[in-house]
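Spelled out, the chains give:
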Amino acid sequence: MITFDASASGISGDALARAAASRARPALSLLESGKGAGGEFTDWLRLPEETGGLDAIKAEAARINGMSEVLVVVGIGGSYLGARALMEMLTPEFGPKKVVFAGKDLSARRTAELLKYLGERDFSVNVISKSGGTTEPSAAFRLLLGLLEKKYGEAAKDRVTVTTDPCRGALLALARERGWRHYGIPSGVGGRYSVLSPVGLLPAAAAGIDTEALLAGARAEKACMLSLGAESPELRYASARRLLAENGFTGELLSCWEPCLRGLGDWYEQLFAESEGKEGRGIFPVSLEMPAELHSIGQFIQQGPRTLMETMLHFAGDGPDLCVPSTGDGIDDDLSGKSLGGIASAIRRAVISAHSAGGVPVMSVEAEKPCAEEAGALIWFFEAACAVSAYMDGVNPFDQPGVEDYKKIMRELLRNE
Ligand code: PA5
């Protein structure tokens, strides 16, 4: 279950409760009704309950794992960041990787290295694209397909799984023509809200993540939000962000207090940037890994322009009990015998004090621990808060017209190269 605390934000409890009841609650009703801007893309609201296809996804993951040491997930934006967030939060950082990512960059250097790595291993590819025609993953996929066909010949077709729109697109047509297995991204679910669909579930299942627990966590958080209404963490967080933005705080730092939250931080950036940043409006989202970035961005946060709000994202428990040993010579006495988690918690509390005293409104979002249920709850929390926050600001949370601008120029350039 997610908890939210705005006591160091400078917003009074009354003002927050008023905004949540009079502005966020109606925004949630608009979202639920499907009558708001972009309402045709609100089917993600029902993904936590959609467990019907889960057995097929798990069976496909088991089939892939049975034949391949590595699964290459090819995608970009919403077709990549959610799966990566799950991998980083829920699979060990140190040890062999079952899932690797491609198609999110066009680096010839990295792609050549990846092809060499895969040349020496059995691998399969899950190519993910809602539109089925995005340049970066399309280019990477063609190179990977070339290697698959060279290595496995006819049998390469059993090593490609496609996740795309169920009714249209070039990738779907190709999958049908070549006989590749394919999974549908529901038409009413946009890229950045798709992590609880086959987009995130298939890579997660292949990586050994408990997908049932993931959906159960999202379901439980959704039920909690609907029963608490204006008092829910989602609506209070959305309201606090808006009140702060209206007072000149136009950027939000999501300070992540566990390295395994780094991927979730990147996913949060895309979710909020593409949902809110339009029509000259929006709160600029940036995620940080703490405490590492206290030693880089920390100075700016403490004394730079007073335009940033900060949201601390952390887990309630300290994790395994690791005690810092004494050096035996009296040096670092402040640390000797202290638990690592206790030191991290002291740093976090000090940062909250220092930043809020320095004029940075600080909010806190807390999950229990890094597990599949809490990952599902966090995904629900941020998706719902983001859509509500965008509606409160009067923008369509589900389109991204600005992303098309570079694509038009790029297509022209590629045609003429
Ligand atoms: O959130 C979105 O809709 C986008 O970020 C898309 O996910 C991204 O552009 C990739 O698109 P596609 O899945 O069509 O390849």
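Treat the numbers as computed from the prediction; the structure is a model and nothing was measured.

Undergrad: Hey, could you go over the pattern of salt bridges for me, with residue numbers and the actual values?
TA: Overall, the coordinates contain 27 salt bridges when judged by the stated rule. Here Glu-60 and Arg-63 are joined by a salt bridge, their closest N and O atoms 2.9 Å apart. Residue Glu-60 and its partner Arg-63 are located together in helix α2 (residues 54-67), separated by three residues, close to a single helical turn. A relative accessible area of 4% means that Glu-60 is categorised as buried. Between Glu-274 and Arg-192 there is a salt bridge; the shortest N-O distance is 3.0 Å. With Glu-274 in helix α10 (residues 262-276) and Arg-192 in the loop between β6 (181-184) and α7 (198-206), the pair connects residues that are 82 residues apart, well separated along the chain. Taken together, the shared-partner salt bridges in this structure form one network comprising Arg-241, Arg-242, Glu-252, Glu-276, Arg-281 and Asp-393.

Undergrad: Summarise the nonpolar core; cite the residues concerned and give the values.
TA: Counting 87 residues, the largest nonpolar core has Trp-44, Trp-267, Leu-378 and Phe-382 as the members making the most contacts within it. Looking at which element gives the most residues to this core, the answer is helix α13 (residues 372-392), with 15 residues. Each of two domains, domain 1 (3-38 + 213-392) and domain 2 (46-212), supplies a minimum of three residues to this core. Those residues in contact with Trp-267 that sit more than four places away from it in its chain are Leu-81, Gly-82, Ala-85, Arg-192, Val-195, Ile-379, Phe-382 and Glu-383. One finds Val-100, Leu-118, Phe-141 and Leu-148 within the second-largest nonpolar core, a separate group that totals 23 residues.

Undergrad: Can you lay out the pairing of strand β5 (residues 160-164) for me, pointing to particular residues and giving the numbers?
TA: Within β5, five of the five residues are buried, which leaves it mostly tucked inside the rest of the structure. Along β5, one buried face is formed by Val-160, Val-162 and Thr-164 and the opposite face, lined by Thr-161 and Thr-163, is buried too. Where strand β4 (residues 123-129) lies against β5, five bridges are found, and the strand directions are parallel. If you follow Ile-128 over to β5, its bridge partner there is Thr-163.

Undergrad: An account of the site of the ligand is needed here, citing residue identities and associated values.
TA: Every one of the 13 residues lining the ligand counts as a neighbour, but Ser-79, Ser-129, Ser-131, Thr-134 and Gln-270 are closest to it. Within the contact set of the ligand, an oxygen atom lies 2.7 Å away from a side-chain nitrogen or oxygen of Ser-131. At a separation of 3.1 Å, an oxygen atom of the ligand approaches a polar side-chain atom of Glu-274. Here the shell around the ligand is composed, by residue class, of one nonpolar, nine polar and three charged.

Undergrad: Before we move on, could you go through the sheet that holds β4 and cite the residues and values that matter?
TA: The strand order across the open sheet built from five strands is β3-β2-β4-β5-β6, with neighbouring strands paired in parallel fashion. Each having just a single partner strand, β3 (99-102) and β6 make up the two edges of the open sheet. Each strand of the sheet is rotated relative to its neighbour by a mean of 20 degrees, with strand direction disregarded. Here helix α6 (residues 170-178) sits on the sheet in contact with β4, β5 and β6, set at roughly 145 degrees to β5.

Undergrad: I'd like a rundown of the domain arrangement of the protein chain, residues and numbers included.
TA: In terms of domain boundaries, the protein chain breaks down into domain 1 (3-38 + 213-392) and domain 2 (46-212). Inter-centroid distance (C-alpha atoms) of domain 1 to domain 2 is 29 Å. Between domain 1 and domain 2, the residue contacts involve 30 residues of the former and 26 residues of the latter. Buried surface at the junction of domain 1 and domain 2, summed over both partners, amounts to about 2,400 Å²; 64% is from carbon and sulfur atoms. When the buried area of domain 1 at its contact with domain 2 is split by residue, Leu-214, Leu-215 and Gln-270 rank highest and sum to 25% of it.

Undergrad: Just give me the short version of the side chain of Arg-348, but keep the residues and values in it.
TA: As for its placement among the helices and strands, Arg-348 is situated in helix α12 (residues 340-357). One buried charged side chain, Arg-348, makes no salt bridge at all; its nearest oppositely charged neighbour is Glu-366, positioned 5.3 Å away.

Undergrad: Please provide a residue-by-residue account of the state of the cysteines, values included.
TA: For the structure on display, the rule yields zero disulfides. Among the cysteines around Cys-386, which has no disulfide bond, Cys-256 carries the closest sulfur, lying 15 Å off. Judged by relative accessible area, which is 0%, Cys-386 ranks as buried.

Calculation criteria
Residues numbered from 1 in each chain as written. Predicted model: local features only at pLDDT ≥ 70, side-chain atom pairs only at ≥ 80, totals over all residues. Heavy atoms only, no water. Salt bridge = Lys/Arg side-chain N within 4 Å of Asp/Glu carboxyl O. Helix = DSSP H or I, 4+ residues; strand = E, 2+ residues; numbered from the N terminus. Buried < 20%, exposed > 50% of the residue type's maximum accessible area, 1.4 Å probe, protein only. Core = buried A, V, L, I, M, F, W, Y, C linked by side-chain atoms within 4.5 Å. Domains from an automatic or database assignment. Contact = heavy atoms within 4.5 Å. Pairing = 2+ DSSP bridges. Near = heavy atom within 4 Å. Polar contact = N/O pair within 3.5 Å; in protein donor to acceptor, adjacent residues only side chain to side chain. Nonpolar A, V, L, I, M, F, W, Y, C, P; charged D, E, K, R; others polar. Axes fitted to C-alpha atoms, helices over the stretch in contact; angles between N-to-C directions. Buried area = accessible area lost by both parts, 1.4 Å probe. Lys, Arg positive; Asp, Glu negative; His and termini not counted. Disulfide = S-S within 2.5 Å.

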